[in-house]
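Summary of structural features
One-letter residues, chain by chain:
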Amino acid sequence: MIQRPQPTRPRACRIALFGLPGSGKSTFSLLAQEWAVKNDATVHVITLAEPLYLAQAAVYECAGRPLQTGERRQDGALLNFLGSHMRKINPHVLEEHFLSETARIHAACEGSTRRQVVICSDARPADLPYLRQGGFHPVVITVDEEVARERREARGDLTLGDSRHSTENGLERIRPSSPVDNSGTLQDFATATTALLNSLLR
């Protein structure tokens, strides 16, 4: 009886997205999911700031203005505050969430022969060391600061965060393996996203 080799699970491509608030990190993740449908791949998205969103929802609940279930509109000023103070309480709060999510995704990928893409959709400069250790490619999405601000206003953020806040500091020091420009149209951004994914998974 001939023993056929068992298909091996491809190593996941791991991408960490950096950029100003409103630069297009969430849009990149959505475009990647559309790309995956056409390319026999699976995209998993890690939202590092999930603990901050949970805290934001709790604050609004206590203030008597609860957010709708699943609502992800950002109170940027509050998230800036929560991000800096929660890191003071526990410097590893987002790293612990990251490790939990990567373990969950690894278990979900077991036995699959499809190409796997893991995207950290909201990386900050302070997160870079453990993201690199986890094998993530840093991808910086570049955009004019004023354009990013206009996009945040258009999506209806509850308040606009400070793009120069301490939690955003250090972006200029990141040496990305792949920068992606999002200063043009959505179609331009989609083309750049597709080109990057094809390049990384080649």
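Scroll up for the structure.
Description of the structure in this document. Nothing here was measured: the structure is a model prediction, and the numbers come from that model.

It is worth spelling out the pairing of strand β3 (residues 115–120) at this point. Note on strand geometry: in a regular strand, side chains alternate between the two faces of the sheet. Among the 6 residues that make up β3, 5 are buried, leaving the element largely enclosed by the rest of the structure. Here 4 bridges tie strand β1 (residues 13–18) to β3, and the two strands are oriented parallel to one another. Bridge pairing links Ile15 to Ile119 in β3. Sheet analysis places strand β2 (residues 41–46) next to β3, joined by 6 bridges and oriented parallel. Of the residues in β3, the one forming a bridge with His44 is Val118.

All right, on to the packing of aromatic side chains then. Enumeration according to the criterion identifies 3 aromatic pairs in this entry. These aromatic residues form a ring-pair network of at least three members: Phe98, Tyr130 and Phe136.

Now for the pattern of salt bridges. Summed over the entire model, instances satisfying the criterion amount to 4 salt bridges. Linking Asp127 and Arg87 is a salt bridge whose minimum nitrogen-to-oxygen distance equals 3.4 Å. Placement of Asp127 in the loop between β3 and α5 (128–133) and of Arg87 in helix α3 (residues 76–89) is noted, with a sequence separation of 40 residues between them. The residue Arg104 makes a salt bridge to Glu101 at a minimum N-O spacing of 2.9 Å. Of this pair, Arg104 and Glu101 are both found in helix α4 (residues 93–109), 3 residues apart, which corresponds to roughly one turn of the helix.

Ordered in space as β2-β3-β1-β4-β5, the 5 strands form an open sheet in which the pairing is parallel. In this open sheet, the two edge strands, each paired with only one partner strand, are β2 and β5 (180–181). Relative to the sheet, helix α1 (residues 25–38) contacts β1, β2, β3 and β4 (137–142), its axis offset from that of β2 by approximately 160°. In the packing of α4 onto the sheet, the strands contacted are β2 and β3, and the crossing angle to β2 comes to about 160°.

Turning to the side chain of His44, a few remarks are in order. Structurally, His44 can be placed in strand β2. A distance of 2.7 Å separates polar atoms of two side chains, one belonging to His44 and the other to Gln116. Not counting residues within four places of it along the chain, the set of residues in contact with His44 comprises Ile105, Cys109, Gln116, Val117, Val118 and Ile119.

On to the packing of helix α2 (residues 50–62) against α3. Put simply, α2 and α3 touch, their axes get as near as 10 Å, and they point 120° apart. The orientation of α2 relative to α3 falls into the category oblique. Taken as a pair, α2 and α3 cross one another with a handedness that is right-handed. Residues Pro51, Leu52, Tyr53, Ala55, Gln56, Val59 and Tyr60 of α2 touch α3, and the partners they reach there are Leu78, Leu79, Leu82, Gly83 and Met86. Grouping the constituent residues of the contact of α2 with α3 by class yields 10 nonpolar, 2 polar and no charged.

With that settled, the discussion passes to α2. Between its terminal C-alpha atoms α2 stretches 19 Å, which fits the 18 Å expected from 13 residues at 1.5 Å a residue. Turning to α2, its buried residues number three or more, namely Pro51, Leu52, Tyr53, Ala55, Gln56 and Tyr60. Contact partners of the buried residues in α2: α3 and α4. In the segment just after α2, Gly64 is the residue with positive phi, at about 80°.

Parameters and conventions
Residues numbered from 1 in each chain as written. Predicted model: local features only at pLDDT ≥ 70, side-chain atom pairs only at ≥ 80, totals over all residues. Heavy atoms only, no water. Buried < 20%, exposed > 50% of the residue type's maximum accessible area, 1.4 Å probe, protein only. Helix = DSSP H or I, 4+ residues; strand = E, 2+ residues; numbered from the N terminus. Pairing = 2+ DSSP bridges. Phe/Tyr/Trp six-rings, centres within 6.5 Å; stacked < 30°, edge-to-face > 60°. Salt bridge = Lys/Arg side-chain N within 4 Å of Asp/Glu carboxyl O. Contact = heavy atoms within 4.5 Å. Axes fitted to C-alpha atoms, helices over the stretch in contact; angles between N-to-C directions. Polar contact = N/O pair within 3.5 Å; in protein donor to acceptor, adjacent residues only side chain to side chain. Parallel < 35°, antiparallel > 145°, perpendicular 65-115°, else oblique. Left-handed = near helix turned anticlockwise from the far one by under 90°. Nonpolar A, V, L, I, M, F, W, Y, C, P; charged D, E, K, R; others polar. Expected span 1.5 Å × (residues − 1).

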